[in-house]
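Residue-level listing of the chains:
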Amino acid sequence: NIVGPKGWAIEFTYTSARGRLNTRVAAALTAAWADFCRKEHCTVDRSGSYTDLARLSVRRWKGADGEALVEIVPGVGKYGVQFRALDVDLLDETYTGKTPAGAEVRMGVELDARGAPQAYHLLTRHPSEV
């Protein structure tokens, strides 16, 4: 029930520089978002819609994995960005310490000075592969 049957809804509004609400622009943004959310535009491998990706992420987060990992892939697709669901086992949990630039890394997650994730260090192959 976190994602819902139709996924997460987004309502666009657009206000002009003069402070007037422009419903035509808002409708165009809503239509573009609905188109982006389709599986042929949303995911790199075209395997799922935005709703499918959200459901998968919640299942992984609530299930045995306890987390979900989704890569944002810029510069691809009709809208210039797509998503790729990654197996959390690809996160290099053995990498803990400092990067050459001095950033702190905890179990493959690079953190900024406030402790917010800045980068994820991934293995090149799944750990179960020989």
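It should be emphasised that the depicted structure is a prediction, and the values quoted were computed from it without experimental measurement.

A. Summary view of a negative patch on the surface. Together, Asp-65, Glu-67, Asp-89 and Glu-93 make up a region of like negative charge exposed at the surface. Tracing the backbone shows Glu-67 in the loop between α3 (50-62) and β1 (69-74). By relative accessible area, Glu-67 is classed as partly exposed at 32%.

B. Region of interest: the sheet that holds strand β6 (residues 117-120). Taken in spatial order, the 4 strands of this open sheet run β3-β4-β5-β6, and their pairing is antiparallel. Single-partner strands in this sheet number two, and they are β3 (97-98) and β6. Pairing of strand β5 (residues 109-111) with β6 involves 3 bridges; the strand directions are antiparallel. Bridge assignment links Leu-111 to a residue of β6, and that residue is Pro-117.

C. Structural context of helix α1 (residues 23-36). Compared with the 20 Å implied by 1.5 Å per residue over 14 residues, the 20 Å span of α1 between its first and last C-alpha is a close match. Burial in α1 covers these residues: Ala-26, Asp-35 and Phe-36. Looking at the packing, one finds that the buried side of α1 touches α2 (39-42) and β2 (81-86).

D. Just the state of the cysteines, in detail. Considering all chains together, one arrives at 0 disulfides under this definition. No disulfide involves Cys-37; its sulfur sits 6.1 Å from the nearest other cysteine sulfur, which is in Cys-42.

E. Looking closely at the packing of aromatic side chains. All chains considered together, the criterion is met by 5 aromatic pairs. Arranged with centres 5.7 Å apart and planes meeting at 35 degrees, the rings of Trp-33 and Phe-36 form a pair that is tilted. Here the residue Trp-33 and the residue Phe-36 both occupy positions in helix α1, the gap between them amounting to 3 residues, near one helical turn. Residue classification places Trp-33 among the partly exposed positions, given a relative accessible area of 22%. Under the relative-accessibility criterion, Phe-36 is labelled buried at 6%. For the pair Phe-36 and Phe-83, a centre-to-centre distance of 6.0 Å together with 75 degrees between the ring planes defines the contact as edge-to-face. One end of the pair, Phe-36, is in helix α1; the other, Phe-83, is in strand β2, and 47 residues separate them in sequence. Among the aromatic residues, those joined into a cluster by ring pairs are Trp-33, Phe-36, Tyr-50, Tyr-79 and Phe-83.

Calculation notes
Residues numbered from 1 in each chain as written. Predicted model: local features only at pLDDT ≥ 70, side-chain atom pairs only at ≥ 80, totals over all residues. Heavy atoms only, no water. Patch = residues over 30% accessible without salt bridge, like charges linked within 9 Å, V, L, I, M, F, W, Y side chains within 5 Å. Areas by Shrake-Rupley, 256 points an atom, 1.4 Å probe, with all protein chains shown as cover. Salt bridge = Lys/Arg side-chain N within 4 Å of Asp/Glu carboxyl O. Lys, Arg positive; Asp, Glu negative; His and termini not counted. Charge placed at Lys NZ, Arg CZ, Asp CG, Glu CD. Helix = DSSP H or I, 4+ residues; strand = E, 2+ residues; numbered from the N terminus. Buried < 20%, exposed > 50% of the residue type's maximum accessible area, 1.4 Å probe, protein only. Pairing = 2+ DSSP bridges. Expected span 1.5 Å × (residues − 1). Contact = heavy atoms within 4.5 Å. Disulfide = S-S within 2.5 Å. Phe/Tyr/Trp six-rings, centres within 6.5 Å; stacked < 30°, edge-to-face > 60°.

That's the geometry; what it means functionally is another story.
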